[in-house]
Amino acid sequence: MTPRFAVVTVTYSPGEHLRALVGSLPAATSREVSLVMADNGSTDGAPEAAAAEHDFVEFLPTGGNLGYGTAINRAVTEIARRPDEFDQEFVLVVNPDVCFEPGSIDALLAAAGRWPRGAAFGPRIAEADGSVYPSARSVPSLRAGIGHAVLGPVWPGNPWTQRYLDDADMDSERTAGWLSGSCLLLRREAFDALGGFDERYFMYLEDVDLGDRLGRAGWQNVYVPSAVIRHDRGHAAKAVPEFTLRAHHRSAYLFQADRHPHVWQAPIRWALRAGLAARCRLAIRAARRAARD
């Protein structure tokens, strides 16, 4: 039996989005594909229904809501246990609310052949309004992150937000500091060497952390605009904004605290923790007001 190309997604009551993802997979690649759904406790029955309906879809319960990176790691471990069934060179990680354009997975694989030191490959992400999501960015410095967090909502064109987004060129195949985790082709040699996603991140910024760690290890993150996906971003976050806002701010602290670990940098960590906690409270209040309105 020829090993199948492995696609991994994390499901948590994904609803109709999952149907669109599954339906787009066969045309996205000429290879025989298998979708492994690491399920974090869905209650809507959508993952089970997809597995029953399609022989290339596999339901893999994780045993609870473990978070995004942890669930991906569980699925990749399962794939690694079955080398006769799954190709072990690459794994494609994708959100359940993604829809592939025809040939997009093959375009990512072709780029992997052009970039032998490439460890992560990300596609062009088309928004519903036709714009392109800035999915290939530089690793955020502390200064750029603070400037973006403080000024971005009121002055979108400020220089710190522009540096944070790093979206001046979304038409050329190029390297980046990190790529959106909504769709990532990962070279298993590199991914496994780093131990996969850092499981301290429940959700948000695990992709930033992975891209940064890959770069520090001598690998490349490559943006591939010839591969195109459509992504319904944020539908899960809209459902439980308070939880996701807290998770996002916790992840932001973890990312910067890890990169400022020394004793003499403790005041930076203290200020960062206090500032992010205050910003999180303000964001939650704004979300509550929006919900009431």
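Student: Got a minute to help me understand the nonpolar core in this structure?
Tutor: Grouped burial of nonpolar side chains is what soluble globular proteins tend to show. Counting residues in each nonpolar core, the largest one holds 34 residues, and the members touching the most others are Phe 5, Leu 92, Phe 100 and Leu 185. With six residues, helix H4 (residues 104-114) is the single largest residue contributor to this core. Setting aside residues up to four positions removed in sequence, Leu 92 forms contacts with Phe 5, Ala 6, Val 7, Val 8, Phe 100, Ile 105, Leu 108, Cys 183, Leu 184 and Leu 185. One finds Val 10, Ala 71, Ala 190 and Tyr 223 within the second-largest nonpolar core, a separate group that totals 30 residues.

Student: Sorry, what's going on with helix H3 (residues 68-80) here?
Tutor: Count 3.6 residues to each turn of an α-helix, and residues three or four apart come out pointing the same way. Along its 13 residues, H3 runs 19 Å from first to last C-alpha, staying within 8% of the 18 Å computed at 1.5 Å per residue. With 10 of 13 residues buried, H3 is to be regarded as a mostly interior element. Looking only at H3, the buried set comprises Tyr 68, Gly 69, Thr 70, Ala 71, Ile 72, Asn 73, Ala 75, Val 76, Glu 78 and Ile 79. Of the surrounding secondary structure, the elements contacted by the buried residues of H3 are strand E1 (4-11), strand E2 (33-39), strand E3 (57-61), strand E4 (86-94), helix H7 (188-193) and helix H8 (206-216).

Student: Sorry if this is basic, but what is going on with the packing of aromatic side chains here?
Tutor: Here the distance between the centres and the angle between the planes together describe a pair of aromatic rings. All told, the structure shown has three aromatic pairs when counted by the stated rule. Judged by centre distance (6.3 Å) and plane angle (65°), the ring pair of Tyr 68 and Phe 197 falls under edge-to-face. A residue pair is termed long-range when its members are at least 10 positions apart, and Tyr 68 in helix H3 and Phe 197 in the loop between H7 and H8 qualify at 129 residues. Of the two residues, Tyr 68 and Phe 197, both sit in the buried class. Both rings, one in Phe 202 and one in Phe 243, keep their centres 5.6 Å apart while their planes meet at 85°; by these two values the pair is edge-to-face. Residue Phe 202 is found in the loop between H7 and H8, and its partner Phe 243 is found in helix H10 (residues 241-258); the two are separated by 41 residues along the sequence. On the accessibility criterion, Phe 202 (25% relative accessible area) is partly exposed. The class of Phe 243 is partly exposed, set by a relative accessible area of 39%.

Student: Just checking my understanding: could you explain the pattern of salt bridges for this structure?
Tutor: Side-chain pairs of opposite charge can arise where the charged atoms are in close proximity. Going through the model one piece at a time under the given rule, you end up with 20 salt bridges. The salt bridge partner of Asp 258 is Arg 200, with a shortest N-O separation of 2.4 Å. Here Asp 258, found in helix H10, pairs with Arg 200, found in the loop between H7 and H8; they are 58 residues apart in sequence, far enough to count as distant. Taking relative accessible area as the criterion, Arg 200 reaches 48% and is therefore assigned partly exposed. Residues Arg 246 and Glu 242 are paired through a salt bridge, measuring 3.8 Å at the closest nitrogen-oxygen approach. Taken together, the residues span about one helical turn, with Arg 246 and Glu 242 both in helix H10 at a distance of four residues. Judged by relative accessible area, Arg 246 falls into the partly exposed class, the value being 37%.

Student: I would appreciate a short explanation of the state of the cysteines in the present structure.
Tutor: Formally, a disulfide is one covalent bond, and it connects the sulfur atom of one cysteine to the sulfur atom of another. Scanning all chains against the criterion turns up zero disulfides. With no disulfide of its own, Cys 99 lies 11 Å from the sulfur of Cys 183, the closest cysteine sulfur. Of the residues examined, Cys 99 reaches a relative accessible area of 14% and is grouped as buried. Classification of Cys 183 as buried rests on a relative accessible area of 1%.

Cut-offs used in this document
- Residues numbered from 1 in each chain as written.
- Predicted model: local features only at pLDDT ≥ 70, side-chain atom pairs only at ≥ 80, totals over all residues.
- Heavy atoms only, no water.
- Core = buried A, V, L, I, M, F, W, Y, C linked by side-chain atoms within 4.5 Å.
- Buried < 20%, exposed > 50% of the residue type's maximum accessible area, 1.4 Å probe, protein only.
- Helix = DSSP H or I, 4+ residues; strand = E, 2+ residues; numbered from the N terminus.
- Contact = heavy atoms within 4.5 Å.
- Expected span 1.5 Å × (residues − 1).
- Phe/Tyr/Trp six-rings, centres within 6.5 Å; stacked < 30°, edge-to-face > 60°.
- Salt bridge = Lys/Arg side-chain N within 4 Å of Asp/Glu carboxyl O.
- Disulfide = S-S within 2.5 Å.

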